[in-house]
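Examination of the molecular architecture
Residues per chain, in single letters:
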Protein chains: 2
Amino acid sequence: MNGMRFETTGNDDNARTGRLELRRAVLETPAFMPVATNGSLKLLTFRAAEDAGFRVLLANAFHLSISAAMDEIAAAGGVNAFTGWDGSFLVDSGGFQVYSLAENRRIDDNGVTFRSPRDGTEMRFTPEEIVRIQTMLQPDIAMVLDECVALPAEKPVLEKAVERTSRWAARSLDAATDAAPPLFGIIQGGLDRALREKSLKEITAMPFAGFAVGGLSVGEAHGDMYEVLDYTAAGMPEDRPRYLMGVGDPVDIVEAAARGIDMFDCVMPTRNARGATAFTFGGKVRMKNACHRGSNQPIEAGCDCYCCKKFTRGYIRHLFAAGEATGAVLLSVHNLRFTARLMEGVREAIRGGTLADFRARIRQAYPESMGNTTNT
Amino acid sequence: MNGMRFETTGNDDNARTGRLELRRAVLETPAFMPVATNGSLKLLTFRAAEDAGFRVLLANAFHLSISAAMDEIAAAGGVNAFTGWDGSFLVDSGGFQVYSLAENRRIDDNGVTFRSPRDGTEMRFTPEEIVRIQTMLQPDIAMVLDECVALPAEKPVLEKAVERTSRWAARSLDAATDAAPPLFGIIQGGLDRALREKSLKEITAMPFAGFAVGGLSVGEAHGDMYEVLDYTAAGMPEDRPRYLMGVGDPVDIVEAAARGIDMFDCVMPTRNARGATAFTFGGKVRMKNACHRGSNQPIEAGCDCYCCKKFTRGYIRHLFAAGEATGAVLLSVHNLRFTARLMEGVREAIRGGTLADFRARIRQAYPESMGNTTNT
C-alpha cells in the first residue's frame, strides 16, 4: 500500500487543509472528486474535468463490473490505461450500489450476491474479490467492500452491517498483496451514535491509508448528518485523509469540512446540470425558468468557466428549451467549475481563519439545504 | 449585400480551390460546414468545431423560429451575439425542413403555412419573411426560401417547384435591404435535366452572392445525383461560390468537389457519431462491434483529434456498451475532424492535380456509397 502521502497543512477550529500526494496527482484538501462511474464523466470529456481544475475522479467497481469491462481493463493494465485519464482515480467498491439493488441482492456474512441490472447475470462480491478487482484496476485510492444501509433503518440491521463492515475490512487488509493500491476503510453505523462509535473505533484501529464515512446522505435530514459528523470526524485519525462518501450539496460540503472532512464525491454537479439546475455562489438557478429568456447575463458573474465566459443565460435556456444536450454539457462545465471554486473557497477560508463566515455565506445561498429535508 | 469576397485559386479539371472571405471568417474551399441547427452542435461545444478546424457553421431559420428564439436573437443583435459563436454562420431558410413536415404544411404561390412541430402553432414563411428573419439573424451567409421536393417526384410537381423557387428568389432580392446579409439563391429541378437547366438559368441570372444546388440527397441514388451535378455545377457562374446542400457522405463530397462544388453541409458526422459509426480514411467503423472489445488502437491511426490522440477503440466501445453519452461526444469530435481532414485532402489533391487518385481512394474506402442505394 505505497503510493500515498498525506499531511495536514493548517486548520481553523476543527476544519483543516491538507495535501494528499497520490501516484498520479496531488489533491489539495478539502477537495471534491467528480464522479466518472464507468470511467467517464457524464456528457463530458476528461478535458472538462482538467479545465475545471480536477485531477482526481471517482469510478465504481460495481459499474465497471456490470459493464463487463473488467478483463479489458486488466489487459490494458488498469483503469488509467484503459480510460486514458492521466490523473488519479479513486475507485469505490460498489457496496452502496449493490445494496441499492434491494430485492435483487442477497447479503450473507461472506459477501453479497446480486443480479446484474444490465443482463440479469448472477454476480458475487466478497471483500477478497473487491481487493482482487481493485488490484487489477490499480486506482490511486481503492475503497474496500462495506455494507451500506438505507436510512431510516432498524437498530439490528445497522448493528449487523457494522459488524460485517468491520469483519470485511479486516479480511480486505488480509487479502491485500504488495500490489494492492492504497486502501481506505469505511465507517458505518447510520445515525446511531453507539454504533457509529463502535465502527469508528474498529475501522480506524486497522492500518488503512485513509478512512471514509459511509452510509450518510442516504435519506436522512441534513442536521442528522452533521450530528453524526460532529463525533465521527472528530474521532478519525488526524494523520489520515477523511472522506465523506456521496456528498456534494454545497451546504453539506462546507458543514462537513468545518467538522474536519477532507474529501468529497457526488454526482450532483453533473446530474443537476442535466436537470437544468446551475449552482452559483448566490444559490441554485433553474435554467428552464422563463425569467432567463433573453437574458444576456452569464450563469454566474465572475465565474471563469468556459460556459460563463462565453455564453448567456438566454442562450443556455434556449438550448434546454430546444432539447439540445449541449445545454446540459455547458451547465455541467459550469457546475464542475463552481464546485472546484467552492472547494477553493473552503480551503482559503480555513487558511484565513474565516470558515465561519464562508459557511454562513453558503448556508444563506442554499436555504433549501438547511431545512429538515432529505438530501436528494 | 456586402461582406463577402470570393476568388478561385486553382483547379484540377472541373474541381477548383477557392477562398471565401466572410464577415467573421475565411473559408478555404472546397469546404464543409458542420450543422448547428439550433445554434449549437449536437452534444458539443463550439470549441470542438474550432479544434477540428471549422470556422463556419450552419444554423436553420426554421428551427430557430419554432424554438421561439427569434425575438431573443433580434434583441441580442443577431445569431452570433445570441449564441456566442465568433466564427461565421450560414443560415438556411428552413425550406427543406418545412417541406419535410408533409401533411402539416400547405404551400401556395406566396409562401408556406405550417404547424410548429413543437407546439402546433400555425406559422407562415414567405420569401419576404425569410429575408426579414435573415436580416434580423445577421449570419454571414443567408439562404433564400425555396421549394424543395422529395424524390422521386412527378414532373408537374417539380415544374411547379422550379417556377415558385425562381419567383421567390426574385422576390427575396426585392425584399433585401442594404442591411440584409449576403444571400444565396437555390437551384431546384430534381433529377429532370430540362427543369434543372431552367432553374439554373433563371436563378444564376439573378445577382446572388452565391448559388446553391438544392433538392439533392433527398432519396435518389448517388449516381443520379452525380449526373445532375455534371451539368448543373458546370453551368454555375465561376466567380461565385457553389454550395451543395445537405451532402456529407465522403464519396458524395469528393464526387461533387470533382464536379466543381465548393461548399457542403450535413448532419452526418455528428449523427453517425451518435449512432456509434466512425468515419475513417479506411471506411466506416461500427464502434459497437465486438471486434473492438479490448482494442488498444485509436479510431484512426494518424488522426490528430483529441479522441484519437487520447482514447482507444476498446474504451470508446465500452462507453457505448455502458450507455455513456461521452462515447458519442468523443466520436463526434473524431468525425468532425475526419471531415475537416477529408476537405484538406480534397483541396490538397486539387492543388497537386491528383484529385482522381484521391477520389479513387475514398470510393474504395466507402464502397457502400457507390451502389445504387439511397443516401441516408
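These figures come from a predicted structure and were not determined experimentally. (Residues numbered from 1 in each chain as written. Chains lettered and ligands numbered in written order. Predicted model: local features only at pLDDT ≥ 70, side-chain atom pairs only at ≥ 80, totals over all residues.)

**Notes on the overall build of chain A**
Each helix and strand in chain A was counted, giving 15 helices and 16 strands. Against the globule reference of 21 Å for 376 residues, chain A gives a C-alpha radius of gyration of 20 Å, in line with a compact fold. Counting only C-alpha atoms and orienting by the principal axes, one finds that chain A spans roughly 60 × 45 × 40 Å. Within chain A, the proportion of its 376 residues that are buried is 57%. Expressed as a percentage of contacts within chain A between residues at least 6 apart in sequence, the contacts between residues at least 24 apart total 69%. (Helix = DSSP H or I, 4+ residues; strand = E, 2+ residues; numbered from the N terminus. Rg over C-alpha atoms; globule rule 2.2 N^0.38 Å. Buried ≥ 20, exposed ≤ 12 C-beta atoms within 10 Å, placed from the backbone. Contact = placed C-beta atoms within 7 Å.)

**Remarks on the environment of A:Asn335**
Residues and elements named next belong to chain A. Tracing the sequence through the fold places asparagine 335 in helix H14 (residues 326-352). By C-beta crowding, asparagine 335 is classed as buried, having 28 other C-beta atoms within 10 Å. Residues asparagine 335 and glutamate 122, spaced 213 residues apart in sequence, show a C-alpha to C-alpha distance of 37 Å. Among all residues touching asparagine 335, those that are not within four sequence positions of it are Pro269, Thr270, Asn272, Ala273, Ala278 and Phe279.

**Topic: the nonpolar core**
Ranked by internal contacts, the top residues of the largest apolar core, which has 246 residues, are A:Leu57, A:Phe184, B:Leu57 and B:Phe184. Aside from chain neighbours lying at most four places away, what touches A:Leu57 is A:Met33, A:Pro34, A:Ala36, A:Ala49, A:Trp85, A:Gly87 and A:Phe89. (Core = buried A, V, L, I, M, F, W, Y, C linked by C-beta atoms within 7 Å.)

**Looking at the pairing of strand E2 (residues 15-21) of chain B**
Residue and element names in this part refer to chain B. Of all 7 residues in E2, 5 are buried; the element is thus mostly enclosed. Relative to E2, strand E1 (residues 5-12) runs antiparallel, the two being bridged by 7 bridges. Its bridge partner being in E2, glycine 10 is matched across the sheet by threonine 17. In this structure, the hairpin formed by E1 and E2 is closed by a connection of 2 residues, where aspartate 13 is found at a positive phi of approximately 55 degrees. As defined by bridge partners, E2 adjoins strand E3 (residues 26-29) across 4 bridges and the pair is classed as antiparallel. (Pairing = 2+ DSSP bridges.)

**Remarks on the relation of the copies chain B and chain A**
Rotating chain B by 180 degrees and translating it 0.0 Å along the rotation axis places it on chain A, where the RMSD comes to 0.0 Å. Read as a symmetry element, the transformation amounts to a two-fold axis. Among all C-alpha atoms of chain B, that of B:Leu43 lies closest to the rotation axis, at 3.8 Å. Most of the interface of chain B is mirrored in chain A: 97% of its interface residues are interface residues there too. (Least-squares fit on C-alpha atoms with pLDDT ≥ 70 in both.)

**Some words on the sheet that holds E1(B)**
All names here are of chain B. In space, the 3 strands of this open sheet follow the order E1-E2-E3, with antiparallel pairing throughout. Among the strands making up the open sheet, the edge pair consists of E1 and E3. The average undirected angle you get between the axes of adjacent strands in this sheet is 10 degrees. (Axes fitted to C-alpha atoms, helices over the stretch in contact; angles between N-to-C directions.)

**Description of the interface of chain B and chain A**
Taken together, the 33 residues of chain B in the interface contact 32 residues of chain A. Listing elements by their share of the side of chain B that touches chain A, those giving two or more residues are helix H3 (70-76), helix H4 (79-83), helix H12 (306-310), helix H13 (313-321) and helix H14 (326-352) of chain B. Looking at side-chain class alone, the side of chain B that touches chain A contains 16 nonpolar, 11 polar and 6 charged residues. (Nonpolar A, V, L, I, M, F, W, Y, C, P; charged D, E, K, R; others polar.)

**What about the domain arrangement of chain A?**
Residues and elements named next belong to chain A. Structurally, chain A comprises domain 1 (5-266) and domain 2 (273-363). Distance from the C-alpha centre of domain 1 to the C-alpha centre of domain 2: 27 Å. With 27 residues of domain 1 in contact, the opposing surface of domain 2 contributes 25 residues. Those elements that provide at least two residues to the side of domain 1 that touches domain 2 are strand E1 (5-12), strand E2 (15-21), strand E4 (31-34), helix H1 (46-52) and helix H10 (250-258). Take the side of domain 1 that touches domain 2: its biggest share by element is 7 residues, from H10. Grouping the amino acids of the side of domain 1 that touches domain 2 by side-chain chemistry returns 17 nonpolar, 4 polar and 6 charged. (Domains from an automatic or database assignment.)

**Let's talk about the packing of helix H9 (residues 222-235) of chain A against H10(A)**
Residue and element names in this part refer to chain A. Where H9 contacts H10, the two axes come as close as 10 Å, and the packing angle between them is 20 degrees. Our classification of the angle between H9 and H10 gives roughly parallel. H9 and H10 meet at a crossing whose hand is right-handed. Here H9 contributes His222, Met225, Tyr226 and Leu229 to the contact with H10, which in turn contributes Val251, Asp252, Glu255 and Ala256. Considering only residue class, the contact of H9 with H10 consists of 5 nonpolar, 1 polar and 2 charged. (Parallel < 35°, antiparallel > 145°, perpendicular 65-115°, else oblique. Left-handed = near helix turned anticlockwise from the far one by under 90°.)

**Overview of the sheet that holds strand E10 (residues 141-143) of chain A**
Residues and elements named next belong to chain A. One open sheet holds the 8 strands; their spatial order is E4-E14-E13-E12-E11-E10-E6-E5, and the pairing between them is parallel. Lying at the two open borders of the sheet, with one neighbouring strand each, are E4 and strand E5 (56-60). Neighbour-to-neighbour, the strand axes of the sheet open up by a mean angle of 25 degrees, direction not taken into account. Relative to strand E6 (residues 88-92), E5 is paired through 5 bridges, and the arrangement is parallel. Across the sheet, valine 56 pairs through a bridge with serine 88, a residue of E6. Packing against the sheet, helix H8 (residues 193-204) makes contact with strand E11 (183-187) and strand E12 (210-213), and its axis sits at approximately 160 degrees to E11.

**Things to note about H13(B)**
Taken across its 9 residues, H13(B) has 9 buried, putting it largely inside the fold. Looking at H13(B), one finds that the buried residues are B:Arg313, B:Gly314, B:Tyr315, B:Ile316, B:Arg317, B:His318, B:Leu319, B:Phe320 and B:Ala321. Close packing links the buried residues of H13(B) with helix H3 (70-76) and helix H4 (79-83) of chain A together with H14 of chain B.

**Some remarks on the environment of B:Lys288**
Residue and element names in this part refer to chain B. The residue lysine 288 is located in the loop between strand E16 (283-286) and H12 in this model. Take lysine 288: there are 13 C-beta atoms within 10 Å of it, and that puts it in the partly exposed class. Along the backbone, lysine 288 and threonine 277 are 11 residues apart, and their C-alpha atoms lie at a distance of 8.1 Å. Beyond its immediate chain neighbours, meaning those up to four positions away, lysine 288 contacts Ala276, Arg317 and Phe320.

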